[in-house]
Amino acid sequence: LTLIIALDPPTGVDPVEWCRSIFERTRDIATGFKIGLPAIVEAGASRIGEVFRGFDGLVIADLKLADIGDIMALTVEKLARCGFNAVIAHAFVGYERGLSTLSEKCRELGVKLVAVVSMSHPGSVEVMDGVVEKLISVVERARCWGVVAPATRPEMVRFVRSRLSWVKILSPGVGAQGARPGDALCAGADYEIVGRAITRSSDPREAARRVVEEQRRALERCRA
Ligand code: XMP
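For every chain, the first residue of the written sequence is number 1, and numbering continues from 1 onward in sequence order. Residues qualify for local features only when their pLDDT is at least 70, as the model is predicted, and side-chain atom pairs are given and counted only at 80 or more; totals for whole chains, interfaces and linings, by contrast, use all residues. Excluded from the side-chain calculations are hydrogens and water; all other atoms, namely the structure's heavy atoms, are used.

**Student:** Sorry if this is basic, but what is going on with helix α6 (residues 132-142) here?
**Tutor:** Because each turn of an α-helix spans 3.6 residues, side chains separated by three or four positions in sequence point in the same direction. Throughout, exposure labels follow a simple rule: accessible area from a 1.4 Å probe, protein chains only, divided by the maximum for the residue type, with under 20% read as buried, over 50% as exposed, and the rest as partly exposed. Numbering of helices and strands starts at the N terminus; helices are DSSP runs of H or I of at least 4 residues and strands are runs of E of at least 2. Of all the positions in α6, only Val132, Leu135, Ile136, Val138, Val139 and Ala142 are classed as buried. Seen from one end, α6 has its buried residues packed into an arc of 155 degrees, which puts them on one side. Every exposed residue of α6 that faces more than 90 degrees away from the buried side is listed here: Lys134 and Arg141. Any two residues whose heavy atoms approach within 4.5 Å at even a single point are treated as in contact. Contacts from the buried residues of α6 go to α5 (95-109), β5 (112-116), β6 (146-148) and α7 (154-163). Phi turns positive, to about 45 degrees, at Arg143, one or two residues after α6. The directions considered for the arc are those from the helix axis to the C-beta atoms.

This is the structure:
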């Protein structure tokens, strides 16, 4: 399975029911779900975590943590108690008493640590992409389980893959931000993260099925 569904409920819906409804309709098609700040801020991590109880795939808290190590570690302890088994943090906080502390805590809790090294929006080239080598070296030192790299710039995915053969690459930017299903997988990503193209569709299950089918066809083409 190569699909992670991003759950970012719009304003004006019950965030828990909205997440539950999409989760129940797509749980057998997706490797996991990524829940971002809009849901967690409104409903709280524990109510959102409840939705995924019993699911054995990835339940990723996308808080893009960027604090000192001790506070990120404290945050991840609370997330783990709410049922999250993966967390996204920024690599730019550095290793020493930053990702090193977080990484140790994640290992202790059995939570997968995913670090952001480049982002899918155009502003990523203004700062982050210029220091991507350094961000990759932080990921390497912290032995992160995964990294986030943008499907909108497959050359960046290819670059990260060339530097880190063992890391899982999670790529957002498919659909609403313009990348096509399979673009990032063909560049070396392990999973594509798709949000609105699935969650805002009138039939999320069918939309997710179509994404997976397109991924499969793209992989066939690029491997041929
Ligand atoms: P859409 O609706 O655009 O949702 O398919 C994409 C999801 O992915 C998140 N996102 C990112 N997360 N680095 C990240 O860590 C990125 O470069 C990035 N780009 C998009 C976004 O928050 C949404 O949940």
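Okay, back to it.
**Student:** What is the right way to look at the site of the ligand in this model?
**Tutor:** One heavy atom within 4 Å of a molecule or strand makes the whole residue count as near it. Neighbouring the ligand are 17 residues; Asp8, Lys34, Lys64, Ser120 and Arg196 lie closest to it. Here an oxygen atom of the ligand sits 2.7 Å away from a polar atom, N or O, in the side chain of Lys34. Per-residue and other accessible areas follow the Shrake-Rupley method at a 1.4 Å probe size, with only the shown protein chains counted as cover for residues. For the ligand, the protein covers 89% of the area, taking 510 Å² as the surface of the free molecule. Points on a 1 Å grid over protein atoms alone make up a cavity when a 1.4 Å probe fits among them but cannot get out, and a pocket when they form an open set with protein on both sides within 12 Å along at least five of seven lines; lining residues each have an atom within 4 Å of a point. The way we define it, a molecule is inside a pocket or cavity when more than half of its atoms are within 2 Å of that pocket's grid points. Judged by the fraction of its atoms near the pocket grid, the ligand is located in the largest pocket. Each residue is assigned to one of three groups, with Ala, Val, Leu, Ile, Met, Phe, Trp, Tyr, Cys and Pro labelled nonpolar, Asp, Glu, Lys and Arg labelled charged, and all others, Gly among them, labelled polar. For the shell around the ligand, the residue count by class is eight nonpolar, four polar and five charged. Whenever a nitrogen or oxygen atom comes within 3.5 Å of another N or O atom, the pair is scored as a polar contact, on the condition that within protein one atom can donate a hydrogen and the other can accept it, and that pairs from neighbouring residues in sequence are kept only if both atoms are in side chains.

**Student:** Would you mind going over the pattern of salt bridges with me for this structure?
**Tutor:** Where charged atoms of side chains with opposite charge meet at close range, the side chains can pair. Salt bridges are identified by distance alone: a Lys or Arg side-chain nitrogen within 4 Å of an Asp or Glu carboxyl oxygen. Summed over the entire model, instances satisfying the criterion amount to 18 salt bridges. When the shortest N-O distance is used, the salt bridge between Arg20 and Glu17 registers 3.6 Å. Within this pair, Arg20 and its partner Glu17 are both found in helix α1 (residues 15-26), separated by three residues, close to a single helical turn. Given a relative accessible area of 29%, Arg20 falls into the partly exposed group. Its relative accessible area of 42% is what places Glu17 among the partly exposed residues. Here Glu213 ties to Arg217 by a salt bridge, and the two come within 3.5 Å at their closest N and O atoms. Of this pair, Glu213 and Arg217 both sit in helix α10 (residues 204-223), four residues apart, roughly one helical turn. Residue classification places Glu213 among the partly exposed positions, given a relative accessible area of 26%.

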